[in-house]
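# Survey of secondary and tertiary structure
Below are the chains, spelled out letter by letter.
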Amino acid sequence: MSHLSERPEKPVVGRSMPHESAALHVTGAALYTDDLIHRTRDVLHAYPVQVMKAHGTITALRTAPALAVPGVVRVLTGADVPGVNDAGMKHDEPLFPDTVMFHGHAVAWVLGESLEAARLGAAAVEVELDEQPSVITLREAMAAGSFHGARPLMLTGDVDAGFEDSAHVFSGEFQFSDQEHFYLETHAALAHVDENGQMFVQSSTQHPSETQEIVAHVLGLHSHEVTVQCLRMGGGFGGKEMQPHGFAAIAALGARLTGRPVRVRLNRTQDLTMSGKRHGFHAAWKIGFDAEGRIQALDATLTADGGWSLDLSEPVVARALCHIDNTYWIPNARIAGRIAKTHKVSNTAFRGFGGPQGMLVIEDIMGRCAPLLGLDPMELRERNFYRQGQSTPYGQPVPHAERISVVWRQVQEDAAIAERRRAIEAFNAAHPHTKRGLALTGIKFGISFNLTAFNQAGALVLVYKDGSVLINHGGTEMGQGLHTKMLQVAATTLGIGLHKVRLAPTRTDKVPNTSATAASAGADLNGAAVKNACEQIRERLLSVAGTQLGANASDVRIVEGVARVLGSDRELPWDDLVRTAYFQRVQLSAAGFYRTEGLHWDASAFQGSPFKYFSYGAAAAEVEVDGFTGAYRIRRVDIVHDVGDSLSPLIDIGQVEGGFVQGAGWLTLEDLRWDAGEGPGRGRLLTQAASTYKLPSFSEMPEEFNVRLLENATEEGAVYGSKAVGEPPLMLAFSVREALRQAAAAFGPAGACVELASPATPEAVYWAIESARGGGAREGVHPSGGSAVAADASALSHA
């Protein structure tokens, strides 16, 4: 076992314990960024001047009327920027734009003594616009050739030969929706300048170092003149990886110009209309199978709706290409990716970061093609699982490929699949207007940032004379339990009780140059860095203990707060050991560092090993559908998920449950709608609130929800043998969508191929039922040279 994954005697990791801030969350005592204004004097409030047109050049911007509003202190415009007028890393996102690029684009910000004064001031600003044609939908962008950014191409094998060798060839297309993060806490920042001119920004950000970098270049400062702190976030899900930087820069600019603290906090409508979403995608595909239903070739083009600027669209598309295989070996593949440029908010990271979109494409293909091949969908999926020794289309060997089948079989057993399928067949035969469906799907998800440089982390651990420990790391807490795990890692490495360890808020002046808390790598990277720092201190203390106890340091162990000599009753309590070390002038602090080894990636060739390992899981979902309305309920879900040796099982099970429900929301409920008409509201987001944007709630939870973590699954080379948990469970929700497909198909003749929109809203399910009643998509079979089935009706044609 590797040094990094080996666990000591009586570790604190692996124990089930509540979130470190759980009591603060439920009592309302937890502080978030916007709560800090009540502890800050003379705060000014910022309010955006939004232009409610999708596209146009600003010809006039008159701020004088706003300054006449009582309580308005200043209006921020592009002329006020002392540094670079840009809020992004690609330099294509002007903080104060000259051209409006989406409906609701902020072109100026008003600072007021109160939020109401700032709001009234923003309403008074006069903006004249030379309105220009806009591209709103993904199909409009594709038709107009409106693209930007890189166009990656992933090639493996001989695709043309693969199709020639295929007994069955199918083609089609599939368009599926974007998704709103809808975190509980909207974007927020609070900035002030100290007596030395240093800028201090409190920000709800997943990437404090990048927020620091953007604030610095907007203000024309060096990074050491800007400190960014994140106490915690009320949810992030990727929506606070890139998007917070501009809002923090507005607060910092206002503070720099007025000398007073400035607060930016978006209301829900502003957050929905100004911040990016998960990328919606269009996929055009062609797939070939042999006579036994094994994939021979796949040719596909994935087009992402990037919105008006690039943001993170390029790596999102790259990850989508890297995950289109999911759990299936595809010997011959040609997968192209591109980014559509539309006049909508700039889409961004969202839990899974393109992986869900790529995986959804292949799962939709499998669900649509199984009936056409005369195979049960579960059987088709299982026949195509990766086997040991096989590699992905981008050339990375798949380690522990057997776990794909292991979790699959465990779910089959736990969920009693065979017996329940017989019961469902009996139920469906007896109920003409209500049908049930049961589907089983698996996942394989790569863990690490695609950009190799991001796979590094730092930590700072301080041990005080009284034996108490303070840890700082570069990860941010957004409710996912990262801080809880870091406390457990530190306590385990030092060999002390959890009560001895406290964690400081994430700050850029404690740990520099951090990566975003994203890519599910927060615990892997920061945990290894914390472990490294604690090991440095522990080794020093073991030397002190060895001297005090008359033994070699290598024979001393620190367990449960006591240093003991192996095979002896000699011992030294932790507090005494630390005090002794202090008087011997032994350093009691350490900076830890970790870089993920074994990664390499050639982006131009789209080949390499970008991931440290893969997480595996499987889920079975049973649904019941009403044939008159398409309304449905999730009767039962069974999940087995691979998190290696869990650092904190209670946290991990909660992440699996939450990720699954969020995935089910994306696939079945959350339907973002935009005004694509030619009227004055063109480009407007129509689903601007929870009243019109349907989120999963208790009523959408499975009536029976069983989650189990895979046992005996140590991951070599990861901190204490654990695996990431944040993103992979979201894709387990494919099982719900496929169960809905099965239930809809049950309304028609056996073997019907049912197309299903995503999100599979009750309306979409109803149209799928109607299609099944009509026999499904069975036309277009060409017998010569194999069969070519055209199953290409748009997945959104009835949405």
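The numbering scheme is per chain: residues are counted from 1 as the chain's sequence reads. In keeping with the model being predicted, local features are shown solely for residues with a pLDDT of at least 70 and side-chain atom pairs are shown and tallied solely at 80 or more, while totals for entire chains, interfaces and linings include all residues. Side-chain numbers come from the whole structure's heavy atoms, not from hydrogens or water.

## Considering the pattern of salt bridges
Once the charged atoms of two side chains with opposite charge are near each other, the side chains can pair. Note on definitions: salt bridges are taken to be side-chain nitrogens of Lys or Arg within 4 Å of carboxyl oxygens of Asp or Glu. Counted by the stated rule, this structure contains 52 salt bridges. Between Arg 673 and Asp 671 there is a salt bridge, and its shortest N-O distance comes to 2.7 Å. A salt bridge links Lys 723 to Glu 715, with the shortest nitrogen-to-oxygen separation between them at 3.6 Å. Burial status follows relative accessibility: with a 1.4 Å probe on protein chains alone, a residue under 20% of its type maximum counts as buried, one over 50% as exposed, and anything between as partly exposed. Judged by relative accessible area, which is 3%, Lys 723 ranks as buried.

## A word on the sheet that holds strand β23 (residues 571–573)
Ordered in space as β21-β22-β23, the three strands form an open sheet in which the pairing is antiparallel. The outermost strands of the open sheet, each flanked by one partner alone, are β21 (556–559) and β23. Averaged over all adjacent pairs, the angle separating strand axes in this sheet is 20°, with direction ignored. Sheet topology note: the β21/strand β22 (residues 562–565) ladder contains four bridges and is antiparallel. The residue bridging Val 556 from the neighbouring strand is Val 565, located in β22. Any two strands between which DSSP finds at least two bridges are classified as paired. Strands are runs of DSSP state E lasting at least two residues, helices are runs of H or I lasting at least four, and both sets are numbered from the N terminus onward. Fitting a line to C-alpha atoms yields each axis, with helices limited to the stretch in contact; the angle taken between N-to-C directions then spans 0 to 180 degrees.

## A few points about the packing of helix α14 (residues 482–494) against helix α15 (residues 522–549)
The interhelical angle for the contact between α14 and α15, taken along N-to-C directions, is 30°, at an axis separation of 9 Å. By the angle class used here, α14 and α15 are roughly parallel. For the pair α14 and α15, the sense of crossing is right-handed. Here α14 contributes Leu 482, Lys 485, Met 486, Val 489, Ala 490, Thr 493 and Leu 494 to the contact with α15, which in turn contributes Gly 522, Ala 523, Asn 526, Gly 527, Val 530, Lys 531, Cys 534, Glu 535 and Arg 538. Classifying every residue of the contact of α14 with α15 by side-chain character gives eight nonpolar, four polar and four charged. Convention used here: angles under 35 degrees read as roughly parallel, angles over 145 as roughly antiparallel, angles from 65 to 115 as roughly perpendicular, and any remaining angle as oblique. Take the far helix as your reference; a near helix turned counterclockwise from it by less than a right angle gives a left-handed crossing, and one turned clockwise gives a right-handed crossing. Residue contacts are defined here by distance: any two heavy atoms, one from each residue, within 4.5 Å place the two residues in contact. Charged residues are taken to be Asp, Glu, Lys and Arg, nonpolar residues to be Ala, Val, Leu, Ile, Met, Phe, Trp, Tyr, Cys and Pro, and polar residues to be all remaining types, Gly included.

## Focus: the side chain of Arg 682
Relative to the elements of secondary structure, Arg 682 occurs in the loop between α17 (649–668) and β29 (704–709). The buried category is assigned to Arg 682, whose relative accessible area is 10%. We define a polar contact as two N or O atoms separated by no more than 3.5 Å, with the added condition that, inside protein, one atom must be a possible hydrogen donor and the other a possible acceptor, whereas residues neighbouring each other in sequence contribute only through side-chain atom pairs. A distance of 2.8 Å separates polar atoms of two side chains, one belonging to Arg 682 and the other to Ser 134. Separated by 3.5 Å, the side chains of Arg 682 and Glu 678 make a polar contact. For Arg 682, the contacting residues outside a window of four places in its chain are Ala 54, His 103, Ser 134, Val 135, Ile 136, Glu 140, Asp 675, Ala 676 and Gly 677.

## Digging into the environment of Val 159
One can find Val 159 in helix α5 (residues 159–164). Exposure remark for Val 159: the relative accessible area of 5% places this residue in the buried category. Taking the C-alpha atoms as reference points, Val 159 and Ser 615, 456 residues apart in sequence, are found 28 Å from one another.

## Looking at the nonpolar core
Definition of nonpolar core: a set of buried residues of the types Ala, Val, Leu, Ile, Met, Phe, Trp, Tyr and Cys, connected through side-chain atoms within 4.5 Å. Formed by 107 residues in total, the largest nonpolar core has its most connected members in Ile 287 and Phe 660. Residue contributions to this core peak at nine residues, all from strand β27 (residues 613–626). In terms of nonpolar packing, the next biggest core, distinct from the first, is built from 54 residues, Val 501, Val 544, Ala 545 and Ala 590 among them.

## A few points about the environment of Arg 633
Secondary-structure assignment places Arg 633 in strand β28 (residues 632–641). For the pair Arg 633 and Glu 700, spaced 67 residues apart in sequence, the C-alpha separation works out to 6.9 Å. Setting aside residues up to four positions removed in sequence, Arg 633 forms contacts with Arg 436, Glu 622, Val 623, Glu 624 and Glu 703. A distance of 2.5 Å separates the side chain of Arg 633 from the side chain of Glu 703, its partner in a polar contact.

## As for unusual backbone geometry
The residue after Ser 758, namely Pro 759, is reached through a cis peptide bond having omega 15°. Looking at where Pro 759 falls in the secondary structure, it is placed in the loop between α18 (734–745) and α19 (762–773). Of note in the backbone geometry, Asn 513 takes a positive phi value of approximately 55° without being a glycine. Tracing the backbone through its elements, the reader meets Asn 513 in the loop between β20 (506–507) and α15. The class for Asn 513 is exposed, based on a relative accessible area of 64%.

## Description of the sheet that holds strand β16 (residues 434–447)
Within a sheet, each strand pairs with its neighbour through backbone hydrogen bonds, oriented either parallel or antiparallel. Taken together, the four strands give an open sheet; going across it, the order is β16-β27-β28-β29, and neighbouring strands pair in mixed fashion. Of all strands in the sheet, those with a lone pairing partner are β16 and β29, marking the two edges. Across the sheet, the mean angle from the axis of one strand to that of its neighbour is 15°, orientation sign disregarded. Alignment of β28 against β29, held across six bridges, turns out to be parallel. Residue pairing in the sheet places His 641 in a bridge with Leu 709 of β29. Contacts from α18 reach β16, β27 and β28 within the one sheet, and its direction differs from that of β16 by about 150°.

## Considering the packing of aromatic side chains
Two aromatic rings are characterised by how far apart their centres lie and by the angle between their planes. Pairs were defined over the aromatic rings of Phe, Tyr and Trp, the Trp ring being its six-membered one, requiring ring centres within 6.5 Å. Orientation was assigned from the angle between planes: stacked under 30 degrees, edge-to-face over 60, tilted for the rest. Counted according to the given criterion, the structure contains 17 aromatic pairs. Ring centres of Phe 176 and Trp 666 lie 6.4 Å apart, and the angle between their planes is 75°; on these two criteria the pair is classed as edge-to-face. In this pair, Phe 176 is assigned in strand β8 (residues 168–176) and Trp 666 in helix α17, connecting sequence segments 490 residues apart. Taken together, a centroid distance of 6.2 Å and an interplanar angle of 15° make the contact between Tyr 328 and Phe 385 stacked. Within this pair, whereas Tyr 328 is found in the loop between α9 (313–322) and β15 (333–341), its partner Phe 385 is found in the loop between α11 (377–383) and α12 (402–414), the two being separated by 57 residues in sequence. The burial state of Tyr 328 is the same as that of Phe 385; both residues are buried.

## Digging into the side chain of Thr 687
With respect to the helices and strands, the residue Thr 687 is situated in the loop between α17 and β29. When its relative accessible area of 5% is taken as the criterion, Thr 687 is described as buried. At 3.3 Å, the side chain of Thr 687 forms a polar contact with the backbone nitrogen of Arg 673.

## So, helix α16 (residues 574–583)
Since the α-helix packs 3.6 residues into each turn, any two residues three or four apart lie on the same face. When α16 is considered as a whole, its buried residues turn out to be Trp 574, Leu 577, Val 578 and Ala 581. Looking straight down α16, one finds that the buried residues subtend no more than 95° of arc, so they occupy a single side. Arg 585, located one to two residues past α16, shows a positive phi value of around 60°. Arc, as used here, means the arc of the directions from the helix axis to the C-beta atoms.

## What about the confidence of the model for the protein?
Confidence along the protein averages 96 in pLDDT terms, with 97% of residues attaining 70 or more. In this model residues 778–799 is a low-confidence stretch, pLDDT under 50, and it forms 51 contacts with partners more than four residues away in sequence or in other chains. What pLDDT reports is the predictor's confidence in each residue, on a scale of 0 through 100.

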